[in-house]
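Single-letter residue listing:
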Amino acid sequence: MSDIKQLRIRQPDDWHLHLRDGNVLEAVLPYTSAHFARAIIMPNLVPPVVTSADASAYRQRINRALPETDTFQPLMVLYLTEQTDPEDVRAGYANGDIVAAKLYPAGATTNSAAGVKNIEAVYPVLEVMQEIGMPLLVHGEVVDAEIDIFDREAVFIERTLSRVQARFSGLKIVMEHITTSDGVEFVKSCDRNVAATITPHHLVINRNAMLVGGIQPHYYCLPVAKRETHRLALVEAATSGDSRFFLGTDSAPHLDGAKESACGCAGIFNVSVTLSVLAHVFEAAGKLENLERFTSLNGAGFYGMAANEEMITLVKAGDELDVSEKLDVAGGKMTIFDPKFPLLWKVKA
Ligand code: DOR
Ligand code: ZN
């Protein structure tokens with residue numbers, strides 16, 4: 001570990017975030033806006049955000065839920081369906097209602113039933129996105145029943161993503177929340193217009209966290225954590241400074257009742273500890289000097305946006321951040337991601 005006890009970085013952005021709606025939105029949003037300047041807002045609501053008018057209305061609900069003095073900026077994403085109108089995408093991107101579109105293979109994850117079954121059905125939309133420079137965000141897992149859940153990312157790359165990338169080589173693609181060395185290698189094998197987000201939890205847990213010593217539902221998310229070799233590949237990519245890898249927390253709030261269940265929901269709430277976890281990971285890798293690239297520079301660069309001017313300070317002190325306290329959310333309790341190591345780095349108020 002280094003002797004560095006303080007680190008000043010540009011204010012971070014979160015390039016993959018679930019805020020939900022209504023009471024849950026109100027409860028979780030302040031944790032994001034306390035640390036992050038901007039976030040890419042996932043559109044898998046019920047019903048999903050499928051038009052740019054839906055995105056604009058959702059952005060207004062988020063802005064209304066923001067603490068008054070807050071300057072946090074939600075960046076809205078369209079949920080692709082086989083009915084998405086390419087001209088709505090063009091117009092929504094031009095007027096700033098949406099900054100990206102998300103491909104959910106139908107059935108891959110939470111509220112993805114309205115997603116895409118046949119990728120070629122959205123080719124006319126991808127054509128327009130390539131033309132206007134709008135990024136495609138991808139949940140990169142196949143849904144075929146015969147494919148083992150631990151192989152679904154690698155098979156998606158092989159069967160779908162490499163095909164889309166070859167067909168639309170000028171399209172900006174973000175492989176969201178990569179969990180495997182296959183994901184890392186795919187991004188590195190492409191030109192500069194393919195990138196990936198990485199979550200804090202996939203940098204610190206492998207599949208044992210979820211399955212050893214009893215089922216641990218608070219470590220269950222999608223794509224599921226893989227074996228240790230994959231985690232190490234993610235740490236290497238995230239801490240390398242390579243501009244194609246950047247932070248997407250994939251913070252995905254579910255009340256404890258929905259997770260501690262015979263059929264528990266996928267998702268981990270982590271935004272309140274994300275920067276503490278990342279500082280620990282980068283410090284342990286001897287790469288603290290690259291933390292700012294991962295949290296605050298690479299993502300903005302890929303999206304063609306300016307980095308934030310504001311700075312934040314991270315301080316390493318003797319006392320630990322307490323993650324045992326559950327959040328009160330919309331009449332229920334919500335567990336905060338516990339990386340199972342002491343969180344000594346904190347964001348200075
Ligand atoms: O763990 C996850 N939770 N992965 C996803 O892809 C969706 C998310 C959610 O919305 O709960
Ligand atoms: Zn997500």
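Notes on the structure in this doc start here. All values derive from a computational prediction rather than experimental measurement.

Reading guide: rules and limits
Residues numbered from 1 in each chain as written. Chains lettered and ligands numbered in written order. Predicted model: local features only at pLDDT ≥ 70, side-chain atom pairs only at ≥ 80, totals over all residues. Heavy atoms only, no water. Phe/Tyr/Trp six-rings, centres within 6.5 Å; stacked < 30°, edge-to-face > 60°. Helix = DSSP H or I, 4+ residues; strand = E, 2+ residues; numbered from the N terminus. Lys NZ or Arg CZ within 6 Å of the ring centre and 35° of its normal. Donors = N, O, S within 2.8 Å, 3.2 Å for Na, K, Ca; no water. Buried < 20%, exposed > 50% of the residue type's maximum accessible area, 1.4 Å probe, protein only. Axes fitted to C-alpha atoms, helices over the stretch in contact; angles between N-to-C directions. Parallel < 35°, antiparallel > 145°, perpendicular 65-115°, else oblique. Contact = heavy atoms within 4.5 Å. Nonpolar A, V, L, I, M, F, W, Y, C, P; charged D, E, K, R; others polar. Near = heavy atom within 4 Å. Polar contact = N/O pair within 3.5 Å; in protein donor to acceptor, adjacent residues only side chain to side chain. Areas by Shrake-Rupley, 256 points an atom, 1.4 Å probe, with all protein chains shown as cover. Arc of directions from axis to C-beta. Pairing = 2+ DSSP bridges. Core = buried A, V, L, I, M, F, W, Y, C linked by side-chain atoms within 4.5 Å.

### Overview of the packing of aromatic side chains
Ring pairs (aromatic) are described by centroid distance and by the angle formed between their planes.
Link 1 in the chain: Scanning the entire structure with this criterion turns up nine aromatic pairs.
Link 2 in the chain: Here the aromatic rings of Trp 15 and Tyr 303 are separated by 4.6 Å at their centres, their planes lie at 20°, and the arrangement is stacked. One end of the pair, Trp 15, is in strand 2 (residues 14–17); the other, Tyr 303, is in helix 12 (residues 291–303), with 288 residues separating them in the sequence.
Link 3 in the chain: Seen in terms of ring centroids, Phe 302 and Tyr 303 are 6.3 Å apart; in terms of plane orientation they differ by 75°. Their pairing is edge-to-face.
Link 4 in the chain: The residue whose ring lies beneath Lys 172 is Phe 302, and the NZ or CZ to ring-centre distance is 5.5 Å.
Link 5 in the chain: Geometry around Phe 150 places Arg 207 over its ring, the cationic atom sitting 4.6 Å from the centre.

### Quick word on the coordination of the zinc ion (ligand 2)
Geometrically, a metal with four donors at the corners of a regular tetrahedron has ideal angles of 109.5 degrees, and one with six donors at the corners of a regular octahedron has ideal angles of 90 or 180 degrees.
Link 1 in the chain: With distances of 2.1 Å, the protein atoms coordinating the zinc ion (ligand 2) are His 16 (NE2), His 18 (NE2) and Asp 250 (OD).
Link 2 in the chain: Positions of the donor residues of the zinc ion (ligand 2) along the chain correspond to the pattern H-x1-H-x231-D.
Link 3 in the chain: Residue His 16 is classed as buried on the basis of its relative accessible area of 1%.
Link 4 in the chain: Judged by its relative accessible area of 7%, His 18 falls in the buried class.

### Topic: the packing of helix 11 (residues 274–284) against helix 12
Link 1 in the chain: Between helix 11 and helix 12, the least distance of the axes is 9 Å, while the angle of their chain directions is 140°. Classed by the angle they form, the pair helix 11 and helix 12 counts as oblique. Of helix 12, the residues touching helix 11 (which contributes Leu 275, Leu 278, Ala 279 and Phe 282) are Leu 291, Phe 294 and Thr 295.
Link 2 in the chain: Here the contact of helix 11 with helix 12 is composed, by residue class, of six nonpolar, one polar and no charged.

### Observations regarding the environment of Ser 56
Link 1 in the chain: Mapped onto the fold, Ser 56 is located in helix 2 (residues 52–65).
Link 2 in the chain: Look at Ser 56 and you get buried, because its relative accessible area is 15%.
Link 3 in the chain: Linking Ser 56 and Val 77, residues 21 residues apart in sequence, is a C-alpha distance of 9.8 Å.

### Examining the site of ligand 1
Link 1 in the chain: Neighbouring residues of ligand 1: 14 residues in total, closest Arg 20, Asn 44, Thr 109, Leu 222 and His 254.
Link 2 in the chain: Residue Thr 110 places a side-chain N or O atom 3.1 Å away from an oxygen atom belonging to ligand 1.
Link 3 in the chain: Interatomic distance of 3.0 Å between a backbone N/O atom of Ala 266 and a nitrogen atom of ligand 1.
Link 4 in the chain: Within the complex, the protein chains bury 99% of what would otherwise be the 290 Å² of accessible surface of ligand 1.
Link 5 in the chain: Tallied by class, the residues present in the shell around ligand 1 amount to four nonpolar, eight polar and two charged.

### A few points about helix 6 (residues 181–189)
Link 1 in the chain: If you check which residues of helix 6 are buried, you get Gly 183, Val 184, Phe 186 and Val 187. When helix 6 is viewed along its axis, its buried side chains cluster within an angular range of 165° and face the same direction.
Link 2 in the chain: Considering only its buried residues, helix 6 is in contact with helix 5 (152–167), strand 7 (173–175), strand 8 (194–198), helix 9 (228–239) and strand 9 (245–247).

### A short note on the sheet that holds strand 7
Backbone hydrogen bonds hold the strands of a sheet together, and the pairing may be parallel or antiparallel.
Link 1 in the chain: An order of 2-3-4-5-6-7-8-9 is seen for the eight strands of this open sheet, with the pairing classed as parallel. Only two strands of the sheet have a single partner each, and these edge strands are strand 2 and strand 9. The average undirected angle you get between the axes of adjacent strands in this sheet is 30°.
Link 2 in the chain: Pairing of strand 7 with strand 8 involves three bridges; the strand directions are parallel. Considered in strand 8, the bridge of Met 175 is made with Ala 196.
Link 3 in the chain: Here helix 12 sits on the sheet in contact with strand 2, strand 3 (38–41), strand 5 (100–103), strand 6 (136–138), strand 7, strand 8 and strand 9, set at roughly 115° to strand 9.

### Some thoughts on the nonpolar core
Link 1 in the chain: Judged by nonpolar contacts, the single largest core of 97 residues is most densely connected at Leu 19, Ile 41, Leu 126, Met 129, Ile 198 and Leu 203.
Link 2 in the chain: Ranked by the residues each element gives to this core, the list is headed by helix 11, at six residues.
Link 3 in the chain: Excluding its chain neighbours within four sequence positions, the residues that come into contact with Met 129 are Val 89, Ala 101, Met 134, Pro 135, Leu 136 and Leu 171.
Link 4 in the chain: By size, the runner-up hydrophobic cluster in this structure holds 16 residues, among which are Trp 15, Ile 40, Tyr 79 and Val 174.

### A look at the sheet that holds strand 13 (residues 345–347)
Link 1 in the chain: In spatial order, the strands read 1-10-13; together these three strands make up an open sheet with antiparallel pairing. The open sheet has two free edges, formed respectively by strand 1 (6–10) and strand 13, since each of these has just one partner strand. Along the sheet, successive strands turn relative to each other by an average axial angle of 25°, direction set aside.
Link 2 in the chain: Of the pairings in the sheet, the one linking strand 10 (residues 311–316) to strand 13 comprises three bridges and is antiparallel in character. What sits directly across from Val 315, in strand 13, is Lys 346.
Link 3 in the chain: Along the sheet, helix 11 contacts strand 10 and strand 13; its crossing angle with strand 13, the most-contacted strand, is approximately 140°.

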